[in-house]
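Topology and contacts: notes
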Amino acid sequence: MPKTVLIVEDNELNMKLFHDLLEAHGYQTVGTRNGIEAMDLARRHRPDLILMDIQLPEVSGLEVTKWLKDDSELKSIPVIAVTAFAMKGDEERIREGGCEAYLSKPISVGKFIETVRHFLGNA
Amino acid sequence: MGSAAAFAPRATGQLSVFKPVREYIDSLVHPSVQQDPLAAARHRAFIAPRLLGSLIALATFPAYIAVRGVPSVLEVVVFGWLLVPIFVAYFLSRTGHYEGAHVLSSLSLTGLVTAVAWNTGGIASFAAIWLVVVPLEAALSASRRVVALASTFALLAAGFLVTLQFVGMLPDAAATANEQGALAALGIVSASLYATGLALGAESLARTSFWLLYAEVDRYRLLARNMTDVISRHGPHGAVLFVSPAAEPLLGARIGDLLGHGFFDRVHVADRPAYLTALADAASRGETRSVEFRMRRDAKDGKSATQFIWVEMRCRPLDQTAGQATGESEVVAVIRDVTARKEQEQALDDARSESDRANAAKSHFLATMSHELRTPLNAIIGFSEMLTNDEQMRLDAQRRRDYAKLINDSGHHLLSVVNGILDMSKMETGDFEIMPEPFAPAQVIGNCCDLLALRAREAGLDLELRVPVDMPNITADKRALKQVLLNLLSNAIKFTDRGGRVIVSATIEMGRMVLVVEDNGIGISDSDLPQIGNPFFQARSAYDRRHDGTGLGLSIVKGLVALHGGDVEIKSVLGKGTRITISLPADCEQGRPARIAPDIQPAPRPVAHQQTATPVRKSA
């Protein structure tokens, strides 16, 4: 059974990019551009990994990560922050916010897949 | 000393003949008391009469011999004894030992009187009355010990004379009754004269000390009057007992109004605790305290508004020993106007925080720019990398075409962000040129609405256009107007929730075109309203931004409108909606300054969210 990745990303093009990349490597994806919906999807689909954009409408990705990590059933799901916040100090702050990994945009496809594999193994 | 000079001229005027004598006697005063005017006066009063008296007595000796013939042994001894005061005077001059000199003087006088009385009838002698003078003379020393000693000498001498008479060791009185009467008179008169001299000396000393005290007080009064710093004395609980005249110009109040609690009433309410604490600490702990506070200054004419000045007060207990004895002493304070320094510090502080703010805004602007550039770059690089490995990714031709289109879209988006930044920067430096031309505004407005109609529909919004069909032409930069409207519409759409509506209306009235974009979206809070449209916005926190965008949209609108000589008015109620009114001259070439610096504030403060739009499609 293929591993499922939940993509939380509010930019349509980037959402398509991550979806196509993951699908091409044999993973299943669920996507949302909204942080609140992300919680529902996480509960419903129990994904094996979550890709989290940080700047989101309504609620920031960091806030959603905090909710996930405060949830006893969901906190074991690794969260990879994929964000365009790439200034000095951003990675530290985002990791401190509970994300297991941090990828800055623009991503390198190779490193992206490598990071996903690190958490999920080969599909 | 200045004080001596203050009252000396009268004396020197009268005594100019005796100037050399005065100077000589001054030179005899012991160095240890030269700096103390009162003690020096006492020394002079001791030395002068003794030197002069003894010299006069010696000078009269030849005349005495001429009248009396060959002197008796006693007479020689007496005259010899008259030299003793000279030695006593020099003793004082050399040692500076004032009490000792007095004791020596008393001893010598007692000895002289006793010797004369012994040979002229004992206690009944005309000379015995001089024993009274001995303690009187000692009184000038202002020392009880010396007076006690002198009295003891006089009493012992009297007792000695009585004893001599009792044991019959007195020599026979050679004088006749007539002579005895004359001698008694001489004794009483001379003793009285000497006592008068002593009394005059005492009076002179008292006057000297009074003048010295007066001069001292006068000097301090002069100091207090001429200092710009205020000196004050505070009683228990800080009540003002004295305040120097400098307070009048400082506070614009009369001294009388500052006494008691009048001073406290002028201390700024917020600074009163600090003021009272400083006074109380100084009074109870006996330490010097310094405090800065604001005080009310009344305007001179009583009309203009009162102002507050900054003062620094240094206070310390008036008398530390008294303070320790009673637990609470009076406090003396020096108060100084430090308004200028405070204003400088404030200006420096303001400049620093202003520059900090500008710096923070700049860093934030950079961070946001980085974010806005990286987002489309992610799609460009990601999809192009996939295209490069199309075989590995098993991409069919359709996919490849899709990706190429996505890359193209992202590139355009990126370009628009870069253009926005460039436009903004041009407007900031004043390099942005507009090219006015006559055109029909209704058509341009309609075009803009068409461009964004799809996005409004996707967002579940009702986009309504209210423009009269017969709207006359206006003269403006067509491209700029389009950009203004697109920015405002994108904002309205972005910040309005599903089910809401956006209304665009335009009219031409009194030579101006009024363009209104109104929504019933999330609105802008009052506190954020003044910051809206600042190019370097700052979100509540970067990660909390609810809506993306560069924040340049509205600032570009403001800049473009200003270049046309128009106004932007933003009205908004949080949660109810926003109404932005643009007013442009119908012909922007009329009355437009050659070049208008755009109305752009380079130093923003934090803004909770940004009302932004880049003039392009946002792929959300």
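As shown above, the structure is provided for reference.
Residues numbered from 1 in each chain as written. Chains lettered and ligands numbered in written order. Predicted model: local features only at pLDDT ≥ 70, side-chain atom pairs only at ≥ 80, totals over all residues. Heavy atoms only, no water.

1. As for the nonpolar core
If you look at the biggest cluster of nonpolar residues, it comprises 47 residues, and the most contacted ones within it are L485, L488, L489, V504, L515, V517 and I582 of chain B. In terms of residues, this core owes the most to one element, helix 18 (residues 478-494) of chain B, which gives nine residues. Structurally, this core is a two-domain feature, drawing no fewer than three residues from each of domain 3 (344-429) and domain 4 (437-619) of chain B. Each residue touching L485 of chain B, except ones within four places of it in the same chain, is listed here: I445, C448, V504, L515 and V517 of chain B. By size, the runner-up hydrophobic cluster in this structure holds 31 residues, among which are M15, F18, I80 and F112 of chain A. (Core = buried A, V, L, I, M, F, W, Y, C linked by side-chain atoms within 4.5 Å. Buried < 20%, exposed > 50% of the residue type's maximum accessible area, 1.4 Å probe, protein only. Helix = DSSP H or I, 4+ residues; strand = E, 2+ residues; numbered from the N terminus. Domains from an automatic or database assignment. Contact = heavy atoms within 4.5 Å.)

2. Thoughts on the packing of helix 6 (residues 98-119) of chain B against helix 8 (residues 144-167) of chain B
All names here are of chain B. Direction vectors running N to C along helix 6 and helix 8 enclose 15°, while the axes themselves pass 10 Å from each other. One finds that helix 6 runs roughly parallel with respect to helix 8. For the element pair helix 6 and helix 8, the recorded crossing hand is right-handed. Residue-level contacts link E99, H102, V103, S106, L107, T110, T114, A117 and W118 of helix 6 to R145, V146, L149, A150, F153, A154, A157, F160, L161 and L164 of helix 8. Classifying every residue of the contact of helix 6 with helix 8 by side-chain character gives 13 nonpolar, four polar and two charged. (Axes fitted to C-alpha atoms, helices over the stretch in contact; angles between N-to-C directions. Parallel < 35°, antiparallel > 145°, perpendicular 65-115°, else oblique. Left-handed = near helix turned anticlockwise from the far one by under 90°. Nonpolar A, V, L, I, M, F, W, Y, C, P; charged D, E, K, R; others polar.)

3. Observations regarding the interface of chain B and chain A
Counting residues at the interface gives 30 residues for chain B and 35 residues for chain A. A combined buried area of about 2,900 Å² lies between chain B and chain A, and 58% of that area is made up of carbon and sulfur atoms. Our count for the contact surface shared by chain B and chain A stands at zero salt bridges. Summed over the shared surface of chain B and chain A, the result is seven residue pairs in polar contact (both at pLDDT 80 or more). Here the side of chain B that touches chain A is composed, by residue class, of 13 nonpolar, eight polar and nine charged. (Buried area = accessible area lost by both parts, 1.4 Å probe. Salt bridge = Lys/Arg side-chain N within 4 Å of Asp/Glu carboxyl O. Polar contact = N/O pair within 3.5 Å; in protein donor to acceptor, adjacent residues only side chain to side chain.)

4. Quick word on the sheet that holds strand 2 (residues 28-32) of chain A
All names here are of chain A. The five strands are arranged 2-1-3-4-5 in an open sheet whose pairing can be described as parallel. Among the strands making up the open sheet, the edge pair consists of strand 2 and strand 5 (101-104). On average, each strand axis in the sheet is tilted by 20° relative to the strand beside it, whichever way the strands run. Pairing geometry for strand 1 (residues 4-8) and strand 3 (residues 49-52), over four bridges, is parallel. (Pairing = 2+ DSSP bridges.)

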